[in-house]
Amino acid sequence: MKIIVPVKRVIDANIKVRVKTDRSGVELNNVKMAMNPFCEIAVEESIRMKESGAAEELIVVAAGPQQSQETIRTALAMGADRGILIQTDVPLEPLAISKLLKAVIEREEPGLVVMGKQAVDNDNNQTGQMLSAMLNWSLGTFVSKIEIEDDGFQVVREVDGGLETVRLSRPSVITVDLRLNEPRYASLPNIMKARRKPIETLTPDELGVDVTPRVDVLEVNEPPSRQAGVRVANAEELIEKLTNEAKVL
Amino acid sequence: MSVLIVVEHDNEQIKASTLNTVTAAMQIDEDLHALVIGHNCDAVASAAAEIEGVKKVRKCDAADYEYGLVENVAPVVEGVARDYSHVFAPASTFGKNLMPRVAAMLDVQQVSDISEIVSDDTFIRPIYAGNALATVRSTDDVKLITVRTTAFDAAGEHGGSADVESLTPSADAGLSSFVKHDLTRSERPELTTASIVISGGRGMQSGDNFNMLERVADKLGAAVGASRAAVDAGYVPNDYQVGQTGKVVAPDLYIAVGISGAIQHLAGMKDSKVIVAINKDEEAPIFQVADFGWVADLFSAIPELEAALD
Ligand SMILES: Cc1cc2nc3c(=O)[nH]c(=O)nc-3n(C[C@H](O)[C@H](O)[C@H](O)COP(=O)(O)OP(=O)(O)OC[C@H]3O[C@@H](n4cnc5c(N)ncnc54)[C@H](O)[C@@H]3O)c2cc1C
Ligand SMILES: Nc1ncnc2c1ncn2[C@@H]1O[C@H](COP(=O)(O)O)[C@@H](O)[C@H]1O
């Protein structure tokens, strides 16, 4: 089985973003970028499938600006075999990304696509679902456990009420949740080795995909900020304040 | 043109998230229809018909929809979506799973997790774990939207008297099958709708220690939540997680116990009306958003709070 993992380059999740003064977006200059944490989990899971013999080849795909190569390299250093960069400076929406991924998938014919449930920049939580619809494949979202079966996958999904187990036919799109695994760090030798792994570069035009945005971002603002309140010394005082001042008890 | 909401339910009862979604959709148009897809779900369709503001219920009932498998349910939504200017669903795991699959079938760029409606085509939504609010305008002819339920009041459960129309089911997609549910059973209120939430973090140290929080919760009529660290450590099930990638809550009172206040946790609770933080580290970031901060060891503070509530 061949696996494709789409990966996204985002602002490092530990950094508190700042809104630009002209309110056109968030500041991306001189900000530490990293692989979206959910994509790391998807890469890790796929590497484990390779290590267990369930998969033969692992291809990572990133759509975005030239610097997305770095994210692909990170995945290659973790253990992916080769990368595909779909290069464009147009801001990409999940619908456009899904179309680009679909074009690559039709060429590569993987048995499984593993991806993050959500990119922590725009918090869209859409791309896997959209891709599965375009391919008319089975879909498992928010997955915290994957078992590989002869003709499909049994997955555990984290849903609002608890857990749900479903069986998916192959090929399938699976989006992963945080508790699936703990991603590895790339070792220095593997980082060196990754430099020689191939990355192919394509463009939306070459794939015949129109990526014109459908949703215009009119402005981006800071959320209203909360002020730190007062300190209390004991339970009596807390209950008194919640009852008489805040009136929530 | 009319607007449609997709009803979230378990074939017996409507989920509360549906009521908030109705309120959001009503801001676009009063001619509001509700779509119920399920199996043996007459009770749900009748309840949907009674929701204040619902003008018509469209029901699609077949065995293949019993477990809401998205490969089967999405084509039903797709089949009626073009009758509407907008299709809404809650941004719960139900809506997040379903709506983008429908959007792609319609070639529409969905707008996720909106917290405010500016006009027919313009919406506000949090991005970057709520550290920024984007105002976005959709240019698609049908708008597919998921709603942050805590940002909209619940519509009344009674007052409507809509007709129920049956839709013809489509065939099983044959792509997936249901195996089992392991749902968390609790007598306490649901996390996302409770008016008081008490959450524990890594500071709780064990699942057993959550019993302390549960006793306080029962005295307050509160729901119990958790940070990701507490869920990862296995103290409580995954559906307790509050935050950017867990549940978003906005109760009247949120009590964070042994939680440091990482941005991803704040993303899920900072719209609460009143926030209380109990933490032994007076530098913990959670105190920066807390209306009432209590610097204390939780193992003495929580029993003290429990006793004081008598
Ligand atoms: C992509 C991504 C998504 C994430 N999504 C979420 C999410 O949805 N929700 C979420 O919560 N996190 C999320 N996180 C994790 C988040 O970054 C933090 O790691 C997590 O919130 C920390 O949990 P915590 O506050 O319980 O633990 P810690 O940060 O370890 O804090 C424990 C706190 O307990 C206090 N404490 C310890 N002992 C006691 C005691 N005896 N009495 C009183 N206080 C005590 C300590 O002082 C400390 O402040 C996400 C992270 C990433 C990268
Ligand atoms: N530009 C991109 N290139 C490759 N994969 C992406 C891109 N954007 C999103 N994805 C994939 O889609 C997942 C969900 O993203 P989103 O739908 O934006 O929340 C991510 O975790 C990635 O696996």
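Computed from a predicted model, the values in this text were never measured in an experiment.

Visitor: Please explain the site of ligand 2 as it appears in this structure.
Guide: Residue and element names in this part refer to chain A. Neighbouring residues of ligand 2: 17 residues in total, closest P6, A63, A119, N125 and T127. Contacts to ligand 2 include G116, whose backbone N or O atom sits 3.2 Å from an oxygen atom. Q126 is positioned with one of its backbone polar atoms (N or O) 2.9 Å from an oxygen atom of ligand 2. Looking at the shell around ligand 2, the elements with two or more residues in it are strand 4 (57-64) and strand 6 (112-116). Considering each element in turn, the shell around ligand 2 owes the most residues, 3 residues, to strand 4.

Visitor: Help me understand the pairing of strand 1 (residues 2-6) of chain A, please; the structure alone is not making it clear to me.
Guide: Residue and element names in this part refer to chain A. Counting buried residues in strand 1 gives 4 out of 5 residues, a clear majority hidden from the surface. Sheet topology places strand 1 next to strand 4; 5 bridges connect them, and they run parallel. Bridge assignment links V5 to a residue of strand 4, and that residue is V60.

Visitor: It is not clear to me how the state of the cysteines should be interpreted in this structure. Could you clarify?
Guide: Here a disulfide denotes one covalent bond, and it connects the sulfur atoms of two cysteines. Applying the stated criterion across every chain, the model contains 0 disulfides over all chains. Among the cysteines around C60 of chain B, which has no disulfide bond, C41 of chain B carries the closest sulfur, lying 8.5 Å off.

Visitor: Would you mind going over the interface of chain A and chain B with me for this structure?
Guide: For interface size, the figure often reported is the accessible area lost on association. Each partner contributes to the interface: chain A provides 79 residues, whereas chain B provides 81 residues. Between chain A and chain B the total buried area reaches about 6,700 Å² when both faces are included, carbon and sulfur atoms providing 53% of it. Looking only at chain A, the three residues that lose the most surface to chain B are D160, R214 and R226 of chain A, adding up to 12% of its buried area. The interface formed by chain A and chain B contains 6 salt bridges. Where D107 of chain B meets R214 of chain A, a salt bridge forms, and the shortest distance between an N and an O atom there is 2.9 Å. Where chain A touches chain B, the interface holds 48 residue pairs in polar contact (both at pLDDT 80 or more).

Visitor: What exactly am I supposed to notice about the pattern of salt bridges here?
Guide: Opposite charge on two side chains allows them to pair when their charged atoms are near. Summed over all chains, the structure comprises 39 salt bridges over all chains. The closest approach of N and O atoms between K59 of chain B and D42 of chain B, which form a salt bridge, is 2.5 Å. Placement of K59 of chain B in strand 3 (residues 54-61) and of D42 of chain B in helix 2 (residues 42-50) is noted, with a sequence separation of 17 residues between them. Among the charged side chains, a salt-bridge network with shared partners connects K2, E57, R82, R107, E108 and E200 of chain A.

Visitor: How do you make sense of the site of ligand 1 when you look at a structure like this?
Guide: The local shell around ligand 1 holds 29 residues, among which R202, S227, T245, S260 and Q264 of chain B are the closest. S227 of chain B has a polar side-chain atom sitting 2.5 Å from an oxygen atom of ligand 1. Within the side chain of H265 of chain B, an N or O atom sits 2.8 Å from an oxygen atom of ligand 1. Within the complex, the protein chains bury 84% of what would otherwise be the 990 Å² of accessible surface of ligand 1. Taken together, the elements giving at least two residues each to the shell around ligand 1 come down to helix 1 (37-51) of chain A together with helix 6 (228-232), helix 7 (263-266) and helix 8 (298-308) of chain B. For the shell around ligand 1, the class distribution of residues is 11 nonpolar, 13 polar and 5 charged.

Visitor: Could you clarify how one ought to interpret the side chain of T135 of chain B in this entry?
Guide: Position of T135 of chain B relative to the elements: it lies in strand 8 (residues 132-138). Using a relative accessible area of 10% as the deciding quantity, one classes T135 of chain B as buried. In this structure T135 of chain B touches D216, V217, L218, E219 and N221 of chain A together with T122, F123 and I124 of chain B, once residues within four positions along its chain are discounted.

Visitor: Sorry, what's going on with the packing of helix 6 (residues 235-245) of chain A against helix 8 of chain B here?
Guide: Packed helices, taken two at a time, are described by their axes: the angle between them and the distance between them. With their axes 9 Å apart at the nearest point, helix 6 of chain A and helix 8 of chain B run at an angle of 55° to one another. What the angle tells us is that helix 6 of chain A and helix 8 of chain B run oblique. The crossing of helix 6 of chain A and helix 8 of chain B is right-handed. For the pair helix 6 of chain A and helix 8 of chain B, contact is made by A235, E236, L238 and I239 of chain A and by E304, L305 and A308 of chain B, respectively. Tallied by class, the residues present in the contact of helix 6 of chain A with helix 8 of chain B amount to 5 nonpolar, no polar and 2 charged.

Visitor: When you look at the sheet that holds strand 15 (residues 274-279) of chain B in this model, what are you seeing that I'm missing?
Guide: Sheet strands pair via backbone hydrogen bonds, and the direction of the pair is either parallel or antiparallel. The 6 strands are arranged 13(A)-16(B)-15(B)-14(B)-12(B)-13(B) in an open sheet whose pairing can be described as parallel. Looking at the sheet topology across the chains shown, the edges are occupied by strand 13 (230-231) of chain A together with strand 13 (223-226) of chain B. As defined by bridge partners, strand 13 of chain A adjoins strand 16 (residues 292-295) of chain B across 2 bridges and the pair is classed as parallel. Bridge pairing in strand 16 of chain B places R231 of chain A opposite G293 of chain B. Taken strand by strand, helix 6 of chain A contacts strand 13 of chain A together with strand 14 (253-257), strand 15 and strand 16 of chain B, and its axis lies near 175° from that of strand 16 of chain B. Seen against the sheet, helix 5 (residues 210-220) of chain B touches strand 12 (196-200), strand 13 and strand 14 of chain B and runs at an angle of roughly 175° to strand 12 of chain B.

Visitor: When you look at the environment of D81 of chain A in this model, what are you seeing that I'm missing?
Guide: Residue and element names in this part refer to chain A. When you line up the elements, D81 lands in the loop between helix 2 (68-78) and strand 5 (82-87). With relative accessibility at 23%, the residue D81 sits in the partly exposed group. On a C-alpha basis, the gap between D81 and E147 in space is 22 Å, while along the polypeptide they are 66 residues apart.

Visitor: Looking at this structure, how should I read the packing of aromatic side chains?
Guide: For any pair of aromatic rings, geometry is given as the distance between the ring centres together with the angle between the planes. Applying the stated criterion across every chain, the model contains 2 aromatic pairs over all chains. When the ring of Y67 of chain B is compared with that of F178 of chain B, the centres are 3.7 Å apart and the planes differ by 5°; the resulting orientation is stacked. Of the two residues, Y67 of chain B is situated in the loop between strand 3 and helix 3 (70-81) and F178 of chain B in strand 11 (residues 176-183); the sequence distance between them amounts to 111 residues. Judged by relative accessible area, Y67 of chain B falls into the partly exposed class, the value being 37%. Relative to Y235 of chain B, the ring of F210 of chain B lies with its centre 6.4 Å away and its plane at 55°, an arrangement referred to as tilted. Here the residue F210 of chain B occupies a position in helix 5, and Y235 of chain B occupies one in the loop between helix 6 and strand 14, the gap between them amounting to 25 residues. For the pair F210 of chain B and Y235 of chain B, one class covers both residues: buried. R231 of chain A extends its terminal NZ or CZ atom over the ring of F287 of chain B, reaching a point 4.4 Å from the ring centre.

Rules used throughout
- Residues numbered from 1 in each chain as written.
- Chains lettered and ligands numbered in written order.
- Predicted model: local features only at pLDDT ≥ 70, side-chain atom pairs only at ≥ 80, totals over all residues.
- Heavy atoms only, no water.
- Near = heavy atom within 4 Å.
- Polar contact = N/O pair within 3.5 Å; in protein donor to acceptor, adjacent residues only side chain to side chain.
- Helix = DSSP H or I, 4+ residues; strand = E, 2+ residues; numbered from the N terminus.
- Buried < 20%, exposed > 50% of the residue type's maximum accessible area, 1.4 Å probe, protein only.
- Pairing = 2+ DSSP bridges.
- Disulfide = S-S within 2.5 Å.
- Contact = heavy atoms within 4.5 Å.
- Buried area = accessible area lost by both parts, 1.4 Å probe.
- Salt bridge = Lys/Arg side-chain N within 4 Å of Asp/Glu carboxyl O.
- Areas by Shrake-Rupley, 256 points an atom, 1.4 Å probe, with all protein chains shown as cover.
- Nonpolar A, V, L, I, M, F, W, Y, C, P; charged D, E, K, R; others polar.
- Axes fitted to C-alpha atoms, helices over the stretch in contact; angles between N-to-C directions.
- Parallel < 35°, antiparallel > 145°, perpendicular 65-115°, else oblique.
- Left-handed = near helix turned anticlockwise from the far one by under 90°.
- Phe/Tyr/Trp six-rings, centres within 6.5 Å; stacked < 30°, edge-to-face > 60°.
- Lys NZ or Arg CZ within 6 Å of the ring centre and 35° of its normal.

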